[in-house]
Amino acid sequence: MLSGVPALAQTAPARTPVATPAVVATAPQAQRVIKSLRVEGSQRIEAETALSYTKLRQGQPYTNELLDQAIKDLFASDLFADVSIAGAETGDIVIRVRENPIINRVILEGNKRLKDDKIVKEIKLKPRQIFTRAAVRQDVGRIVELYRRQGRFAASVEPKMVNLDQNRVDVVFEISEGPKSKVRQINILGNEVFDDGKLRAQMATKEARFYRFLSSGTSYDQDRLAYDQQKLRQFYLTEGYADFRVTSAVAELTPDKKDFIITYVVEEGPRYKFGDVTVDSDIRDFDGKKLATTLPIKKGDWYNAKAVEDTVDNLSQTTGLFGYAFTQVAPEFQRDRDTLTMSINFHIGQAQRTYVERVEITGNTNTQDKVIRREIRLAEGDAFNTFQVKRSQDRINSLGYFQDKFEIKQTPGTTPDRVVLEANVEEKSTGELQLSAGYSSLERFIIQANITQRNFRGRGQELRAGVNYSTYSKSIELGFTEPYLFDRNIAVGVDVFRRDFNSFNFIGTNRNTTYSQTSTGFQVRAGVPLTEFWQLAGRYSLSYDDVGLDEASFFTNGQCDPLKAGRYLCDALGKRLTSAVGYSLIYDSLNSRLRPTAGQRLSFSQDFAGLGGDVKYIRTRLEGAKYKNIGSGFIGSIVAEGGYIHSLQGSPGDGRDPIRINDRFYLGEPQFRGFDIRGVGPRVQRLSYTTDPSGAQVLVTDRDQIIDDALGGKAYYLARVELEIPLGSGARELGLRPSIYAQMGSLFNITRPRPTATFPTTTDANGNTIVLPLPQTDPTTGAPLYYFVNAAGGAVQTTCATGLPDASGACNGIIPNVPLIASQPFLERFLGDSARPRVSVGIGVNWNSPFGPLRIDLAKALVTQPGDDPKLITFNVGTQF
């Protein structure tokens, strides 16, 4: 109800005309004529406009009924709040009016769940319009209905009016949104075969529970109520209950209007089995008896309506493979209630072999027609083929230029034997500009700038440039790909790059840089299709690599010091030119390259380094993946890969592997979840010695205090089984895609490195072996070096263990000198070079967050080998995954 000034409260009663004394007739009168006619009280509305709504005219006769109708007509115009007529007894008619106010503003208060713009476009009241109570009541109803569509049945709206000068008003809608009305309980009556929980699981509507906070299915929706009835029927039909029906479905709102209680009453009926299953074909090319033997449903099986639908689709696709585009496959049912059997005859109607009349492409404003048309596997004049149509859809979807769920429609042509293929695409943005700062458990803080245009100039070309900077890696890359060179099915591309990478290990929780690698080069690529699914790709790359160490930390006298860096790192230093040519043989039947849900991919690749340059090897890799839509939104996948590098050079020496450390394979986070970066495979660990409280020499075995250097391997394998779990529509809108997985893999096969040093030992009084520090030695004689402090306070180096050297070089004296230490004792051990599998299981979530793509994994390493570095939680923000 409106609240405002008292005068407006008189509007409703004023709509009933009040007859003046002159109007009330007590006896027959002579005909009366309007002598004068005027309007009083109007401010904005001209008198002529007001009179135009009536039939009163000066000089014309009038009656009481005519005056009454004039009052009604003026009220009906919605321009006036009050109307009365005077002067009926004299013929000098005066129409007195009070105008409805003008709306100055329409104000919404209290709305948080629905923004102003969504409400304003639904209501009819607008500024500068005439105010009427009827319009206010209608808008209140519209606002309430909007909230009911959102599941807020407790929402209420209180309209108020604020009077302003010049007969203007502000209309205020005070909105109380109330809580979202949830489904408190779902009752099912009449079910005997299946319990309530089983049936509720089939419904889209769910009972509100605390663990369903991300689900939108707990809100009441009238349309969803009808959908759930259909879902129940589908479920029972797939279980053989052909007579099942829902006799009633009632949704009751609780008195507090916060929750709904839904009650279904069902009749299950008896369970049926399939009777005779036959095929009857009007097309001569198909033998009905032979087709019947290939059907998945057999006599004696429990009746399943879904199997019947699938059989119809399969028969339609089969006829489509032979060029019959518009074949009608109609299942004919014969129900026997006595034997509880359902016999079915699939009738294939008469159809003509069809041919493609034309291919129409619409909706593409930026993408050129030829970019889409070259992915369509049928041309004008070809025989129609459903497989080729499906393949064309998959290829166009894989481009990533258009919205998902694209389909090629088939419509009749100008003659019965012609079909028109319609590709109505809806383009989406193919340019990506990413300027981001993020944090990664791999690389700490990251600054990233990338620009990519995957459909450059609408020609399907890809152009990209990227700069990446983090604490441990820096890179700049440029790339260009032309998928159809000179409009022929030949893809070519070129990449130019500069990458700076710092390897590292951990001492405690501190990450320490070990070796650095700088790579500068380019790669030229080309690919040609061999068949519809097979492709051959070739490439040539030239790169200049510089592997170095921090001289301040790892060098002594200008040379790499194995005692500081490890002999395996010192052996890897140097500048080398790599010239390599390679090829890949690829089989790809995935339905989408971006996010596949069906199909498989197999790739065999080899790269030969040694076409000039300083490095010679053969790198071989095999990769495979298979995806399958299991049903109900679950996507299963199996991904496996493996590789081996074989050197084409002779051995560089004892304990040195011919494959450089930066050319080897590495395994760990992120590809092997459950392990830290480079946490799997051959490694050298350095453990220092300390003394326990009793004074005995012991090794420091705390993982955080061990220097751990991953060396990589020449062979590896990795396999992953993953199941993507569907979520409710609310979670899907947030871009959440959780999955569970199990992984198995290993990295191995490397030459065992030589020990960095051999430390002298002695035996204490208890017979325990004591490892001594490694002394510095004279570079010419190899004798241990000592030092003493001379009279001037300076340290003097000598080979004398005691005393001082005389003029002849002999040591005189018994005072011991201080030995010079080259290195404190440590134990170096080589671990992880084993082909035995490592196994991990985990759960991960991909999220298209406002900060960029985010992946979080919780993975547990179940099977490890000595030296492996497990890791439970990993995440990446601000980088692609």
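Numbering of residues starts from 1 in each chain and follows the order in which that chain's sequence is written. At least 70 in pLDDT is required for a residue's local features to be given in this predicted model, at least 80 for side-chain atom pairs to be given and counted, and no such filter applies to totals for whole chains, interfaces and linings, which use all residues. For side-chain calculations, the full set of non-hydrogen atoms in the structure is used, while hydrogens and water are omitted.

Novice: Sorry, what's going on with the overall build of the protein chain here?
Specialist: The secondary structure content of the protein chain amounts to 15 helices and 48 strands. For a compact globule the rule gives 2.2 Å times the number of residues to the power 0.38, and the radius of gyration it is set against comes from C-alpha atoms. Whereas a compact globule of 881 residues would reach a radius of gyration of roughly 29 Å, the protein chain reaches 43 Å, over 25% beyond that. Once the C-alpha set of the protein chain is aligned to its principal axes, its extents read approximately 165 × 90 × 65 Å. Any residue under 20% of the maximum accessible area for its type is buried, any over 50% is exposed, and the rest in between are partly exposed; the area is computed with a 1.4 Å probe on protein chains only. The burial tally for the protein chain puts 41% of its 881 residues in the buried class. Residue contacts follow a heavy-atom distance rule, with two residues in contact if any of their heavy atoms lie within 4.5 Å. Long-range contacts, defined here as pairs at least 24 residues apart, represent 60% of the contacts in the protein chain between residues at least 6 apart. Accessible surface is estimated by sampling points in the Shrake-Rupley manner with a 1.4 Å probe; for residues, cover comes only from the protein chains shown. Roughly 46,600 Å² of accessible area belongs to the protein chain as shown, and the carbon and sulfur atoms make up 53% of that amount. We count Lys and Arg on the positive side and Asp and Glu on the negative side, and we leave His and both chain ends out. By convention, charge coordinates are those of NZ in Lys, CZ in Arg, CG in Asp, or CD in Glu. In the protein chain, the 108 positive side-chain charges and the 102 negative ones have mean positions that sit 1 Å from each other. In this description a helix means any DSSP run of H or I spanning at least four residues, a strand means any run of E spanning at least two, and both kinds are numbered starting from the N terminus.

Novice: What exactly am I supposed to notice about the sheet that holds strand β10 (residues 245-253) here?
Specialist: Sheet strands pair via backbone hydrogen bonds, and the direction of the pair is either parallel or antiparallel. Paired strands are those between which DSSP finds at least two bridges. Spatial strand order, β9-β11-β10: three strands in an open sheet with mixed pairing. Each edge of the open sheet is held by one strand with a lone partner, namely β9 (182-189) and β10. The mean inter-strand angle of the sheet, taken between neighbouring strand axes irrespective of direction, is 15 degrees. Bridge count for β9 against strand β11 (residues 259-267) is seven bridges, and the pairing is parallel. Within β11, the residue paired with Asn 187 across the bridge is Thr 263. Convention adopted: a line fitted to C-alpha atoms gives each axis, helices being fitted over their contacting stretch, and angles between N-to-C directions are expressed from 0 to 180 degrees. Relative to the sheet, helix α7 (residues 222-238) contacts β10 and β11, its axis offset from that of β11 by approximately 35 degrees.

Novice: Would you mind going over helix α9 (residues 305-321) with me for this structure?
Specialist: Given 3.6 residues per turn, any residue in an α-helix points the same way as the ones three and four places further on. Taking 1.5 Å per residue, 17 residues should reach 24 Å; α9 reaches 25 Å between its end C-alpha atoms and fits that length. Those residues of α9 not exposed but buried are Ala 305, Ala 307, Val 308, Thr 311, Val 312, Leu 315, Thr 319 and Gly 320. Packing partners of the buried residues in α9 comprise α7, β12 (273-281), α8 (288-294), β13 (329-336), β14 (341-348) and α11 (386-399). Capping the start of α9, Asn 304 holds a side-chain oxygen 2.8 Å from the backbone nitrogen of Lys 306, two or three residues further along. Positive backbone phi, approximately 95 degrees, marks Gly 323, located one or two places after α9. Expected helix span is taken as 1.5 Å per residue step, with the number of steps being one fewer than the number of residues. The definition of a polar contact used here is a pair of N or O atoms within 3.5 Å, where within protein one atom must be able to donate a hydrogen and the other to accept one, and adjacent residues in sequence count solely through side-chain atom pairs.

Novice: Sorry if this is basic, but what is going on with helix α3 (residues 64-76) here?
Specialist: For α3, built from 13 residues, the straight-helix expectation of 18 Å at 1.5 Å per residue is met to within 8% by its first-to-last C-alpha distance of 19 Å. Buried residues of α3: Asn 64, Leu 67, Ala 70, Ile 71, Leu 74 and Phe 75, and no others. Here the buried residues of α3 occupy an arc of 130 degrees about the axis, which is enough to place them on one side. Across from the buried face of α3, at angles greater than 90 degrees, the exposed residues are Glu 65 and Ala 76. Here, the arc refers to the directions that run from the helix axis to the C-beta atoms.

Novice: How do you make sense of the nonpolar core when you look at a structure like this?
Specialist: Within soluble globular proteins, side chains that are nonpolar tend to cluster in buried spots. Core analysis: the biggest nonpolar cluster contains 25 residues, and Phe 274, Val 279, Tyr 303, Ile 344 and Phe 346 have the highest contact counts within it. Mapped onto this core, the elements with two or more residues apiece are β12, α8, α9 and β14. Ranked by residue count, the leading element in this core is α9, at five residues. Not counting the four nearest positions on each side in its chain, Val 279 is found in contact with Gly 288, Lys 289, Leu 291, Ala 292, Leu 295, Asn 345, Phe 346 and Ile 348. Residue types Ala, Val, Leu, Ile, Met, Phe, Trp, Tyr and Cys, when buried and joined through side-chain atoms within 4.5 Å, form a set referred to as a nonpolar core.

Novice: Hey, could you run me through the pattern of salt bridges in this one?
Specialist: Pairs may arise between side chains of opposite charge once their charged atoms sit close together. By salt bridge we mean one thing: a side-chain nitrogen of Lys or Arg within 4 Å of a carboxyl oxygen of Asp or Glu. Taken as a whole and judged by the stated rule, the model has 47 salt bridges. The residue Arg 358 makes a salt bridge to Glu 357 at a minimum N-O spacing of 3.0 Å. A salt bridge links Arg 601 to Asp 588; the nearest nitrogen and oxygen atoms lie 3.2 Å apart. Of this pair, Arg 601 sits in strand β28 (residues 599-613) while Asp 588 sits in strand β27 (residues 574-588); the two residues are 13 residues apart in sequence, bridging distant segments of the chain. Exposure remark for Arg 601: the relative accessible area of 33% places this residue in the partly exposed category. Classification of Asp 588 as buried rests on a relative accessible area of 13%. When salt bridges with common partners are traced through the structure, they connect Glu 375, Arg 377, Arg 391, Arg 395 and Glu 532 into a single cluster.

Novice: Could you clarify how one ought to interpret the packing of aromatic side chains in this entry?
Specialist: The geometry of an aromatic ring pair is captured by the separation of the ring centres together with the interplanar angle, meaning the angle of the planes. Planes of paired rings set the category: under 30 degrees apart is stacked, over 60 is edge-to-face and the rest tilted, where pairs are Phe, Tyr or Trp rings (Trp by its six-membered ring) whose centres lie within 6.5 Å. Taken as a whole, this structure holds 22 aromatic pairs when the rule is applied. Ring pairing ties together the aromatic residues Phe 194, Phe 235, Tyr 236, Tyr 241 and Phe 244, which thus form one cluster. By definition here, charges over rings are those cases where NZ of Lys or CZ of Arg is within 6 Å of the ring centre and within 35 degrees of the ring normal. For the cation-ring pair, Arg 678 lies above Tyr 666, with the distance from its terminal atom to the ring centre recorded as 3.9 Å. One residue, Arg 686, lies across the ring of Phe 826, its end atom 4.1 Å from the ring centre.

Novice: Looking at this structure, how should I read the side chain of Glu 722?
Specialist: Topologically, Glu 722 is positioned in strand β34 (residues 715-724). By relative accessible area, which is 12% here, Glu 722 ends up buried. Separated by 2.8 Å, the side chains of Glu 722 and Arg 720 make a polar contact. Once residues within four sequence positions are removed from consideration, Glu 722 is found in contact with Ile 635, Gly 636, Ser 637, Arg 673, Ser 739, Ile 740, Tyr 741 and Arg 855.

Novice: Got a minute to help me understand the side chain of Arg 32 in this structure?
Specialist: When you line up the elements, Arg 32 lands in strand β1 (residues 32-33). No salt bridge is formed by the buried Arg 32; the nearest opposite charge belongs to Glu 65, separated by 6.8 Å. Within polar-contact distance, the side chain of Arg 32 engages the side chain of Asn 64 at 3.0 Å.

Novice: How should I be thinking about the environment of Arg 391 in this particular structure?
Specialist: Its location among the elements puts Arg 391 in helix α11. Considered as a pair, Arg 391 and Leu 378 are 13 residues apart in the sequence and their alpha carbons are 9.8 Å apart. Setting aside residues no more than four positions away along its own chain, Arg 391 makes contact with Arg 377, Glu 532, Phe 533, Asp 588, Ser 589 and Leu 590.

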